[in-house]
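# An overview of the molecular structure
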Amino acid sequence: MPHHVTLDVADPDEVIRGAMTRGHTRADFFRKGAIAGGTLVAGGLVIGGLPEIALGKPSASQDVDILNFALLLEYLESTFYTEAVANNALQPRVLEFARTVRDHELAHVEFLSKALGSKAIGKPTFDFGDTVKDNWKFLATATVLEDTGVTAYDGQGTRLTRKTLTAAATIVSVEARHAAWVRQIMYGAEGYMNAPYEYPAPSALQPAKSKDQVTASVTATGFIKG
Amino acid sequence: MFELETVDADGAIRETQEEAITRNDAVRRAVAFGGAFLGGGALLGMLAPGAKAATTKGDIAILNYALTLEYLEAAFYAEAVANNKLTGELAVFAKVVGEHEAAHVAGLKEVLGRKAVKSPKFDFQGTTADPAKFAATAEVLEDTGVAAYKGQAGLVKSNTILVAALSIHAVEARHAGWIRAINGHNPAPAAFDEPLTMKQVLAAVKKTKFIKS
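What counts, and where the lines are drawn
- Residues numbered from 1 in each chain as written.
- Chains lettered and ligands numbered in written order.
- Predicted model: local features only at pLDDT ≥ 70, side-chain atom pairs only at ≥ 80, totals over all residues.
- Heavy atoms only, no water.
- pLDDT = per-residue confidence, 0-100.
- Contact = heavy atoms within 4.5 Å.
- Axes fitted to C-alpha atoms, helices over the stretch in contact; angles between N-to-C directions.
- Helix = DSSP H or I, 4+ residues; strand = E, 2+ residues; numbered from the N terminus.
- Parallel < 35°, antiparallel > 145°, perpendicular 65-115°, else oblique.
- Left-handed = near helix turned anticlockwise from the far one by under 90°.
- Nonpolar A, V, L, I, M, F, W, Y, C, P; charged D, E, K, R; others polar.
- Core = buried A, V, L, I, M, F, W, Y, C linked by side-chain atoms within 4.5 Å.
- Buried < 20%, exposed > 50% of the residue type's maximum accessible area, 1.4 Å probe, protein only.
- Salt bridge = Lys/Arg side-chain N within 4 Å of Asp/Glu carboxyl O.
- Phe/Tyr/Trp six-rings, centres within 6.5 Å; stacked < 30°, edge-to-face > 60°.
- Lys NZ or Arg CZ within 6 Å of the ring centre and 35° of its normal.

## Concerning the confidence of the model for chain A
Fine structural detail should not be taken from predicted coordinates in areas where pLDDT scores are low. When pLDDT is averaged along chain A, the result is 82, and 76% of the positions lie at 70 or above. Throughout residues 1-54 of chain A the model reports pLDDT below 50, and contacts reaching past four residues in sequence, or to other chains, amount to 110 contacts.

Structure follows, in structure tokens:
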């Protein structure tokens, strides 16, 4: 499916591109500075996301739509982690993280697939390039993916029927744990030199993103091939 | 090494946590720059206009339940920071997370207005003055907080309150992941985090004897 969102629109701080393609010194990563105020954690996104968050009265068919959106993200994450583990290029602590998270994301895929039954989307084809072959690129990408997962689930919370929300809630906190874990691996030993972005918990409130925002970000990574 | 028994005397919290984890193995504005924490105004800012007026009795009860837990966490961290016995990453954690919990208290109080319950008085029984005890207690508190918010998510009537509750829930999960990593524990022990009911949480909190009044 062709997408015409350019990377500049979806990745203005070049976080994702930086993670995928560039030299990965800390200076590079943070020269973009406003990562904390950019794609992932900006207060403006919460407000901007509200119109869609508010729209869409919960229904069984909307639940299907949202769970398939979640399933797509879980397919992406589970494949990412599976490939990264298999490529055997990760440092020990990072490998431990990747293995555990892989197993969780696979469990999430299984759970969502079962919940959706015949309505589940099929697994897309992915290409993660260097992000599953290089230790630091893996970490940077994992950070983006986990944060995106949390914003995605939280953005849909009010649109789900409360029953489905209860089930989805058991997943979102696990993604948040993953998100904290990977930051702790990356920045904990050095004492979080770039606060608050590097903190496992960068802010008192977790922002949410609308489905359109998440879809645009994910599409723009180029990870999804078809 | 500090034993969880001290903070979780009847094993109440651990038991409910472990049971919950093993039982099902199959499932406005944000950012704090420069260390400044997010004030209560930002929580209110996340909500649609008229959120306060739209709050039902059930939602008020849920918010006050959340506020009570946040009072406890905020006081615990504030006392730990004031005691100044923590070093390294544990000290950073206590300061940052304490700021978050204080922001949650401020935000919830603002949303509740006159209906906000007052803070209980606490006695943390030495857990704020000893690094090992602090670390173990923080882990239990954060995991419990995650399960507590999760247990209420499906019961919140107002969508605007739900947005805020889910936001805080995710942050508590980050806190839990962080302290577990610091403690050398698996930050995400299960593929699915299970909820605890209000009854279960309040019973577990009561057993800690942290609440004096």
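Okay, back to it.
## Looking at the packing of helix H8 (residues 162-187) of chain A against helix H7 (residues 159-182) of chain B
As a packed pair, H8 of chain A and H7 of chain B sit with axes 7 Å apart at the nearest point and diverge in direction by 40°. In terms of their interaxial angle, H8 of chain A and H7 of chain B are classed as oblique. Crossing of H8 of chain A over H7 of chain B shows right-handed handedness. Of the residues in H7 of chain B, those touching H8 of chain A at Arg162, Leu165, Ala169, Val172, Ser173, Ala176, Arg177, Ala179, Ala180, Arg183 and Gln184 of chain A are Asn159, Leu162, Leu166, His169, Ala170, Ala173, Arg174, Ala176, Gly177, Trp178, Arg180 and Ala181 of chain B. Per-class residue counts for the contact of H8 of chain A with H7 of chain B are 13 nonpolar, 5 polar and 5 charged.

## Focus on the nonpolar core
By size, the foremost hydrophobic cluster in this structure holds 104 residues, and its most contacted members are Phe97 and Phe138 of chain A together with Phe134 of chain B. Per-element tally for this core: the top contributor is helix H4 (residues 57-83) of chain B, with 13 residues. Those residues in contact with phenylalanine 134 of chain B, other than ones at most four positions away along the chain, are Phe76, Tyr77, Ala80, Leu86, Leu90, Phe93, Ala94 and Thr127 of chain B.

## Overview of the pattern of salt bridges
Tallying each qualifying case throughout the model produces 11 salt bridges over all chains. Put simply, arginine 174 of chain B and aspartate 147 of chain A hold a salt bridge, and the shortest N to O gap is 2.4 Å. Of this pair, arginine 174 of chain B sits in helix H7 while aspartate 147 of chain A sits in helix H7 (residues 135-156), which puts the two residues in different chains. The same class applies to arginine 174 of chain B and to aspartate 147 of chain A, which are both buried. Ionic pairing is found between glutamate 139 of chain B and arginine 180 of chain B, a salt bridge with its closest N-O pair at 3.7 Å. Here arginine 180 of chain B lies in helix H7 and glutamate 139 of chain B lies in helix H6 (residues 131-153), a separation of 41 residues in the sequence. In terms of burial, glutamate 139 of chain B and arginine 180 of chain B fall into one category: buried.

## Side note on the confidence of the model for chain B
Residue and element names in this part refer to chain B. The predicted model of chain B averages 83 in pLDDT, with 75% of residues at 70 or higher. Taken element by element, the predicted model of chain B shows its lowest mean pLDDT in helix H1 (residues 4-7) (42) and its highest in H6 (98). Long-range and interchain partners of residues 1-7, a stretch whose pLDDT sits below 50, account for 12 contacts in this model, where long-range means more than four residues apart. Counting contacts from residues 16-40, a segment whose pLDDT is below 50, to residues more than four positions away or on other chains yields 63 contacts. If you check the scores for this complex, the pTM reads 0.81 and the ipTM reads 0.82.

## Structural notes on unusual backbone geometry
At the junction of alanine 195 of chain A and proline 196 of chain A, the peptide bond is cis and its omega measures out at -5° in the coordinates. Along the chain, proline 196 of chain A turns up in the loop between H8 and helix H9 (211-221). Non-glycine residue tyrosine 192 of chain A carries a positive phi angle of around 55°. Considering the arrangement of structural elements, one finds tyrosine 192 of chain A in the loop between H8 and H9. Positive phi values are uncommon outside glycine, yet lysine 209 of chain B reaches one of about 65°. Relative to the elements of secondary structure, lysine 209 of chain B occurs in the segment after helix H8 (198-208). We classify lysine 209 of chain B as exposed; its relative accessible area is 55%.

## A short note on the packing of aromatic side chains
On inspection of all chains with the given rule, the structure shows 24 aromatic pairs over all chains. Their ring planes at 85° and their centres at 5.1 Å tell us that phenylalanine 97 of chain A and tryptophan 181 of chain A sit as a pair that is edge-to-face. Highlighted residues: phenylalanine 97 of chain A in helix H6 (residues 92-116) and tryptophan 181 of chain A in helix H8, separated in sequence by 84 residues. Take tryptophan 181 of chain A: its relative accessible area is 7%, and that puts it in the buried class. When the ring of phenylalanine 111 of chain A is compared with that of phenylalanine 192 of chain B, the centres are 5.2 Å apart and the planes differ by 55°; the resulting orientation is tilted. Pair noted here: phenylalanine 111 of chain A is in helix H6 and phenylalanine 192 of chain B is in the loop between H7 and H8, and the two residues belong to different chains. One Lys or Arg, arginine 183 of chain A, reaches over the ring of tyrosine 197 of chain A and ends 4.5 Å from the middle of that ring. Over the ring of phenylalanine 69 of chain A we find lysine 211 of chain A; its NZ or CZ atom is 5.7 Å from the centre of that ring.

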